[in-house]
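Analysis of the macromolecular model
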Amino acid sequence: LDHFIPESPMLTAMMELEKKVDRHLTEKHLRIREVMGNLQPLKKTLRFTISHESHNQNSSIDDKENPPSWTMRIQGQFTDSHRAAGRLRFSYLFKSVNVLITELGSEPVTIPVKWDAVNSPVITDGFELKHIGNIDADCKILLKLNRVPEKYKIPKDLAILLGFNFETRWKILKSIFNYSLANKLYNRQTDEIVFDGALRQALGAKRVKKGDLASLLEDIILPLDPIIIDYKITLDNELPDNGKTYEIEIDIPEVHNPNNVRKMELSSRDCPTNQKELDSREEKIKALIQKYNVHRRRQQMLLAFAHNPEGITRELASQHSTYLSVGPGGENSEDPRKSAYYYNEWISDAVDTYLTKQGETSSSLEVPEYLDQMRDT
């Protein structure tokens, strides 16, 4: 194989080196995640109020200038002033807010209204919803918290096994792997986890590669349920309603907890800054890629010559005839008159490749004399 495809060992070496670099970066990334996983989020109590007020309720619903309407507001703040919590505005704490408005008429109709942090990147101090109408309504408010990192709900069987109902994806994977190590379910030689009865029932599989465990969890873990609040809109008067107040305990994202700053200092062993080693491997990869490209072009030339040596020779001759030949001595140099000036190192390999190919196909094609002369040289 190496004789017919000379770039094969070069490509294999490049792939092996790339695997080593990937493995090295993955180990460093996991060490960082392990340090980040030990950080404790800051637990704070968020107090928010839902209120509403009505406008122009005596007007007709067909009045285009001043139609009857009502406005609902959701505003809140933390119960105690904290330096980190004070920097977070209210809408930053939520990933999405869904409001289902159902007017209490003879034919109730539900109108969905959604706010999404992805489509509304502007951070505000609250939410305001304005609705045109003069009929009382029931509102179902679904608040989905912005948890960083994202936490997921796991099935009941797996929750009993791991000891928690919801956690981050990384901690769920780590807990399953630690369970497999503790119960001797992990085979280091095959890099597989052979599930016992409890894991088999919870995950719905008999065995899995360690690297495929994350993809197996994709169909099992679910996003956490949103906070659901029922709120009633009454339009008896146009005075602002004091509304209802709620308190929920939330985890401020780890990056906003100042107590974690000193914990995030990594040692030189854990920090992925062995830059000399990474730079040297990157240079090796670049050099291998360049060699691979050279061999690939050379292979293309040899295959073309093997299929049609006479045609490729004429094509090269016609191309070279259009070039301006300038030797070391300038236009009047004697170099173009010497045969060595036109010598290419690939000619002998091309002849060998052509003869080998002709021999394999058992062709009775006669070898031209000029090829014998080139082979002898």
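The preceding data block contains the structure.
Notes on the structure follow. Just so we're clear, the structure is a prediction, and the values are computed from it rather than from any experiment.

Observations concerning the overall build of the protein chain
- Tallying secondary structure elements over the protein chain gives nine helices and 14 strands in all.
- Counting over 377 residues, the protein chain shows a buried share of 31%.
- Relative to all contacts within the protein chain whose residues are 6 or more apart in sequence, the contacts with residues 24 or more apart total 68%.

Overview of the packing of aromatic side chains
- Taken as a whole and judged by the stated rule, the model has six aromatic pairs.
- These aromatic residues form a ring-pair network of at least three members: Phe90, Phe94, Trp115 and Phe127.

Topic: the side chain of Ser96
- Within the fold, Ser96 resides in strand S3 (residues 94-103).
- Beyond its immediate sequence surroundings of up to four residues, Ser96 is in contact with Trp115, Leu142, Leu143 and Lys144.

Quick look at the sheet that holds strand S12 (residues 222-223)
- The sheet built from three strands is open, its strands ordered S8-S7-S12 with antiparallel pairing. Looking at strand neighbours, the two that pair on one side only are strand S8 (166-168) and S12, the edges of this open sheet.
- Pairing of strand S7 (residues 151-153) with S8, which is carried by three bridges, proceeds in the antiparallel orientation. By the bridge assignment, Lys153 is partnered in S8 with Phe166.
- Of the strands in this sheet, S7 and S8 touch helix H3 (residues 169-182), which is tilted by about 105° from S8.

Section: the sheet that holds strand S1 (residues 42-55)
- Spatial ordering of the open sheet is given by S5-S2-S1-S14, a layout of four strands whose pairing is antiparallel. At either end of the open sheet lies a strand with only one pairing partner, and these are strand S5 (126-132) and strand S14 (244-252). Across the sheet, the axes of successive neighbouring strands diverge by a mean angle of 20°, strand direction being ignored.
- Where S1 meets strand S2 (residues 69-78), 10 bridges bridge the pair, whose relative direction is antiparallel. The partner of Glu53 across the bridge, within S2, is Thr71.

Digging into the pattern of salt bridges
- Going through the model one piece at a time under the given rule, you end up with 12 salt bridges.
- Shared partners join several salt bridges into a network, and the residues in it are Glu53, Arg73 and Glu128.

Concerning the environment of Ala350
- Note that Ala350 resides in helix H8 (residues 346-360).
- Judged by relative accessible area, Ala350 falls into the buried class, the value being 0%.
- With near-sequence residues (within four places) excluded, Ala350 lies in contact with Leu302 and Phe305.

Definitions and limits used
- Residues numbered from 1 in each chain as written.
- Predicted model: local features only at pLDDT ≥ 70, side-chain atom pairs only at ≥ 80, totals over all residues.
- Heavy atoms only, no water.
- Helix = DSSP H or I, 4+ residues; strand = E, 2+ residues; numbered from the N terminus.
- Buried < 20%, exposed > 50% of the residue type's maximum accessible area, 1.4 Å probe, protein only.
- Contact = heavy atoms within 4.5 Å.
- Phe/Tyr/Trp six-rings, centres within 6.5 Å; stacked < 30°, edge-to-face > 60°.
- Pairing = 2+ DSSP bridges.
- Axes fitted to C-alpha atoms, helices over the stretch in contact; angles between N-to-C directions.
- Salt bridge = Lys/Arg side-chain N within 4 Å of Asp/Glu carboxyl O.

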